[in-house]
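Each chain is listed here by its residues.
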Amino acid sequence: MTDDDIVLRLDRASAEDLHEVLWLVGEHLAAGAPIPDLPHEANERLSGVIRSLAGALGKRHPYSP
């Protein structure tokens, strides 16, 4: 690892949600398959992941207070 690497720690549910949505996006791009709506709880967890990543990158998340 270098000083410029970004490391995020995820709880298992958030990691599972992130894996699922990345897989769904890959399938959509590869085959034109629709991306189904995620459950509310998954959306909430992924929003937290995106906020953490934005903060680690020094970016402001558009929906952060």
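Read on for an overview of the structure.

About the criteria used
Residues numbered from 1 in each chain as written. Predicted model: local features only at pLDDT ≥ 70, side-chain atom pairs only at ≥ 80, totals over all residues. Heavy atoms only, no water. 1 Å grid on protein atoms, 1.4 Å probe; cavity = no way out; pocket = protein on both sides within 12 Å on 5 of 7 lines; lining within 4 Å. Points joined across faces, edges and corners; volume = space filled by probe spheres on them. Helix = DSSP H or I, 4+ residues; strand = E, 2+ residues; numbered from the N terminus. Nonpolar A, V, L, I, M, F, W, Y, C, P; charged D, E, K, R; others polar. Expected span 1.5 Å × (residues − 1). Buried < 20%, exposed > 50% of the residue type's maximum accessible area, 1.4 Å probe, protein only. Arc of directions from axis to C-beta. Contact = heavy atoms within 4.5 Å. Polar contact = N/O pair within 3.5 Å; in protein donor to acceptor, adjacent residues only side chain to side chain.

1. A closer look at the layout of surface pockets
Phase 1: Of the volumes computed, that of the largest pocket is approximately 150 Å³.
Phase 2: Residue lining of the largest pocket: Leu8, Leu18, Val21, Leu38, Asn43, Leu46, Ser47, Val49, Ile50 and Leu53, and that is the complete set.
Phase 3: Contributing elements (two or more residues each) for the lining of the largest pocket: helix H1 (12-31) and helix H2 (40-56).
Phase 4: Here the element with the most residues in the lining of the largest pocket is H2; it accounts for six residues.
Phase 5: Classifying every residue of the lining of the largest pocket gives eight nonpolar, two polar and no charged.

2. Section: H1
Phase 1: The end-to-end C-alpha distance of H1 is 28 Å, a good match for the 28 Å that 20 residues give at a rise of 1.5 Å each.
Phase 2: All of the buried residues in H1 are Ser14, Asp17 and Leu24. Buried residues in H1, looked at end-on, bunch into an arc of 95 degrees, giving them a common side. With respect to the buried face of H1, the exposed residues turned more than 90 degrees away are Arg12, His19, Leu22, Leu29, Ala30 and Ala31.
Phase 3: At its buried positions, H1 is contacted by H2.
Phase 4: Among the residues of H1, the N-terminal cap falls to Asp11, whose side-chain oxygen and the backbone nitrogen of Ala13 are separated by 3.1 Å.

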